[in-house]
Amino acid sequence: MTSVSELLRSTSKGQLKYIGKSLNSSCLKLLDELGQLSPPPLSRYHEEKETSKKNLSFGLDESDFVGLNENSCNNNDSENTQVLSFYSSNSKGFNSCSYSSYDEDTEEKKDLSKQDHLDISAPLPSTTRQHRKPSALHAASCPVSPEFGTTAHAVVEAENKWNSSKLLSLAERRDQYIKHNKSLQELTRRGEAEIEAKHKDQANRRNNFIYIKEQEGLEETNKLLQNLKEVHQEHHRKVTTIQKELERKREILQDEARRHKKQQTEKFQSLVQQILANRSAFVQHFDSFQHMSSLPEAVHQRRVQLEKECDVKASEAKDIENSSNITDDHIKTFEDFSNKIQRDVDTLKKLTGEVEARVKAEEEKKKEEEKKKADDQQKLLQAKKLQADAEQDLRVQAFKHILEQKNLKATKLSQVEASIQSFVNNAQMKKYRFDLQRAVNTTINAISAVSGAHLLDKIKKLHMLLSGQRVEVSGKYVSASDTPEALLFCQNLVAKMLVTKGEEQVTSKHESAFAIAAVAVSLWSAFPVVGELFMAHLQALCPYVLPFYTAQQETQSSVEYYRSAGYKISEDGTVEEQDKFLRRMSGLMRLYCACMIVSPPNTPHGSHPHGVENAWMWLARTMNLEPHTDITATMIYDLLAVSGHALFREYKVQFIKLVHVLTRSYLPQLKNLSVTSATVGRLEIFLETSLRTASIAAPEGLLPANFWSTS
């Protein structure tokens, strides 16, 4: 026998079919028990759904009772098969199988679902089957087979079964509703607990944040108070220090005032004593002079006047000392008076000295005239003898040649400077002269051994300028042929600037001498006057490029002698320091030696205007002279360091012999005169290395053979 629950599960939605004898006594009993329960209240969702579709919330529909065919009602056991029959009351008869109470039950469900206050745990109210009547719709959908007749019992069972299913569904829905409500209450409780926990957490964080900010504010306040305290303490310390400093300065000022007053008194007394001493000196010198009549009348008057003035000043000095109020004006007055008397004494001594010298000169003049005649004859004889000896002495001949060369170049330089003096002093030519100077200075200052092309460019620009061609300078064109003196001015300026650049640059950077020398020799070959002026300027700054040492004359002061020896003299008369002087002379000598060995571009072999043979002559002539302190050793070392490689290549064994003589004979003389051992020691090491290796290394910075072909 199939159970009701199985029928409900196996039947499609809304198509419940009743089969005969399926409702036994147990099922009826269950339906009676379920009938005692009232349906659960419906939610708003089911309430809205109820209006659109009746009884779908219970899983049943009126169509479940419609369309029962004969096949569904037939069964082998005719007694167990029952079909719903029509039931009718009064005169209407059996017209339908529906119940009039259906609508009432529906309305009852709606009323129960609207009672929100209904206790879902209360038992459902019982329904009375007696008041339920089949409606027309239900009767129409449940036809009764005439085979079984019309019996009311089958209708009641069908109704009870339908009500039982409905109540069972409502009970299940009530349980689901209870579970759902409990879940909703639990979720609500949890949500409220979480919200409350969040509120507490936010309150705690807010309180912590407020507490942290208060602590930070308190710390900041403490820091500010501490800073103010430190500032106050520092200010108090500074005030105390300043007060102590002021007190110390006040004491110093008081001491200085006392000391100044004491010094004033001592100085005043010293002036008084000096006035008395000068007075005594004047009177004593005047009275002891033997040729009194030769003195002017003003000197006699001054002696009488001096006595009176000294008496007056002595009386004033006593009054001032008694008043104990010696001022600067008093000291100034007595100091001027003392100086005045001192000048009188000096004047008197000068006059008496002149008178004595004049008298003495007149007495000796006659003796001198007689002696002079005898001396002139003697000097004439000595000069003739010296001239004869000089012609035979090679040293004197070389010295004579050197002097001639020196005088010739100095004269040439003086003549050139004199001829361009009018051009230099002409105010109208100032801008033109400035453009020429800029053309020369810009080009010479750019001289560098960067490449052959770079150096050739500078040589070309200077060659064009000295040839009278137009040269571009800072976007402007200038030519040295606009005036007759401009060309000579440029030639002299180029020579002078080349020497100046050598003095300034080669002194600190020896290898730069070869680039400057290449430019100088190139212009020397093309313009001989530039070479002469170059040597003249070089000799003016470094007299030692000629093997010649200037001797101090009797009428020559020390400053003039040092200037003629190449030293620089400052405006206050201070002579250049020895180490600076030696470095500067070394740079100029290296420039001169570089000029003798450098190979200028586009110059045929053997056409050098001042070749390496001049280095040989310079060294040989220097060794024939008595050496001078330090400068001789420095010049020899510079010549060998720069041109020794070329001399060895040109003269080979003969040069080695000359170096040997220099080492064995001349070097001991240099050691005896040396003030600084470093200069001579450097030369000695160089000579020993050269003799040991029989060679001299090429100087640093020497232009290579392919220099002019490189770009």
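Keep in mind that what you see is a predicted model, and the values were worked out from it rather than measured. (Residues numbered from 1 in each chain as written. Predicted model: local features only at pLDDT ≥ 70, side-chain atom pairs only at ≥ 80, totals over all residues. Heavy atoms only, no water.)

All chains considered together, the criterion is met by three cavities of 30 Å³ or more. Empty space within the largest cavity amounts to approximately 50 Å³. Forming the walls of the largest cavity are Val272, Ile275, Leu276, Cys310, Lys313, Ala314 and Phe334. For the lining of the largest cavity, a count of residues per class yields six nonpolar, no polar and one charged. (1 Å grid on protein atoms, 1.4 Å probe; cavity = no way out; pocket = protein on both sides within 12 Å on 5 of 7 lines; lining within 4 Å. Points joined across faces, edges and corners; volume = space filled by probe spheres on them. Nonpolar A, V, L, I, M, F, W, Y, C, P; charged D, E, K, R; others polar.)

For the rest of this paragraph, the subject is the packing of aromatic side chains. Summed over all chains, the structure comprises eleven aromatic pairs. On the numbers, 6.1 Å between centres and 45° between planes, the contact of Tyr544 with Tyr549 is tilted. Each of the two residues, Tyr544 as well as Tyr549, counts as buried. With a centroid separation of 6.4 Å and 75° between ring planes, the pair formed by Tyr544 and Phe581 is classed as edge-to-face. Of the two residues, Tyr544 is situated in the loop between helix H16 (528-541) and helix H17 (558-564) and Phe581 in helix H18 (residues 578-597); the sequence distance between them amounts to 37 residues. For the pair Tyr544 and Phe581, one class covers both residues: buried. Connected via pairs of aromatic rings, a cluster forms that spans Tyr544, Tyr549, Tyr561, Tyr562, Tyr567 and Phe581. (Phe/Tyr/Trp six-rings, centres within 6.5 Å; stacked < 30°, edge-to-face > 60°. Buried < 20%, exposed > 50% of the residue type's maximum accessible area, 1.4 Å probe, protein only. Helix = DSSP H or I, 4+ residues; strand = E, 2+ residues; numbered from the N terminus.)

By size, the foremost hydrophobic cluster in this structure holds 97 residues, and its most contacted members are Leu436, Leu498, Phe534, Leu619, Leu639 and Leu640. The element best represented in this core is H18, accounting for twelve residues. In this structure Leu619 touches Ile636, Leu639, Leu640, Phe655, Leu658 and Leu662, once residues within four positions along its chain are discounted. Residues Phe289, Leu295, Val345 and Val355 belong to the second largest nonpolar core, which totals 21 residues. (Core = buried A, V, L, I, M, F, W, Y, C linked by side-chain atoms within 4.5 Å. Contact = heavy atoms within 4.5 Å.)

Functional significance is not addressed by these values, which are geometric in nature.
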